[in-house]
Amino acid sequence: MKKLSEKTYTERFWEKVDVPEQKDGRCWLWTAGKNRDGYGVFPDGMKLVGERRAHRISYALHYGIIEDRSLSVCHACDTPSCVNPNHLWLGTNSENMEDMHRKSRRPAVEQSCKFDRIPEEVRDHIRSLRDSGKNYSNIARTVGLSVYHVKRVLGASEILGKN
Ligand SMILES: [Zn+2]
């Protein structure tokens, strides 16, 4: 039997994604099998990047293998079947989330991606880094979130009239 190369897996992965002609921020939807939570599933992703869920595979292909597999890959667009790397960000894992994960025996991704689950100390850290003049990508690297998310945290603090 012919052994499929890594490239072939990658190609087969993207064949199942509906990538819009104009990459203008729209979702890239997974068109093949999904799990009960609506996440795309691509079992061969295990051989490719050690992940089965399509959005995690897309994340790993664009940003690198997720070393800590307990970390969640979250959707900024709240569309579980979306694999647009610009909509994906690596979530944080507080003890609380790990605890919920253990109890429910479900992937942590479902519980830990809500915006309000970013711990207040992480938000404070983001704000103080911003106050000290750091730019978005610098802050994002420091706290381990995406630039998108850093902007959202800062935006929210402004909207809420933070002193
Ligand atoms: Zn999306």
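**A word on the overall build of the protein chain**
Secondary structure assignment for the protein chain yields eight helices and four strands. Overall, the protein chain shows an N-to-C arrangement of helices and strands of α-β-β-α-α-β-β-α-α-α-α-α. When each of the 163 residues of the protein chain is scored for burial, the buried share is 26%. A separation threshold of at least 6 residues defines the contact pool for the protein chain, and within that pool the share at least 24 residues apart is 45%.

**Focus on helix 3 (residues 54-63)**
Buried residues of helix 3: A54, H55, R56, I57, S58 and Y59, and no others. The positive-phi residue at the C-terminal boundary of helix 3 is G64, with phi of around 110°.

**Observations regarding the nonpolar core**
Membership of the largest hydrophobic core is limited to twelve residues, which are Y59, V73, C74, L88, W89, I118, I126, I139, A140, L145, V150 and V153. The set of elements that each furnish at least two residues to this core consists of strand 3 (73-75), strand 4 (88-90), helix 7 (136-143) and helix 8 (147-159). Counting residues in each nonpolar core, the second largest holds eleven residues, with W28, A54, C82 and V83 among its members.

**Points about helix 6 (residues 120-131)**
Its twelve residues give helix 6 an end-to-end C-alpha distance of 16 Å, which sits within 8% of 16 Å, the value for a rise of 1.5 Å per residue. G133 lies just past helix 6 and shows a positive phi near 95°.

**Side note on the confidence of the model for the protein chain**
With 75% of its residues at a pLDDT of at least 70, the protein chain reaches an overall mean of 79. Here helix 5 (residues 109-112) stands out as the least confident element of the protein chain, with mean pLDDT 46; strand 2 (residues 29-30) is the most confident, with 97. Below a pLDDT of 50 lies the segment residues 105-111, which in the model reaches 13 contacts outside its immediate sequence neighbourhood of four places, other chains included. Note that residues 159-163 has pLDDT below 50 and, in this model, two contacts with residues that lie over four places away or in other chains.

Cut-offs applied
- Residues numbered from 1 in each chain as written.
- Predicted model: local features only at pLDDT ≥ 70, side-chain atom pairs only at ≥ 80, totals over all residues.
- Helix = DSSP H or I, 4+ residues; strand = E, 2+ residues; numbered from the N terminus.
- Buried ≥ 20, exposed ≤ 12 C-beta atoms within 10 Å, placed from the backbone.
- Contact = placed C-beta atoms within 7 Å.
- Core = buried A, V, L, I, M, F, W, Y, C linked by C-beta atoms within 7 Å.
- Expected span 1.5 Å × (residues − 1).
- pLDDT = per-residue confidence, 0-100.

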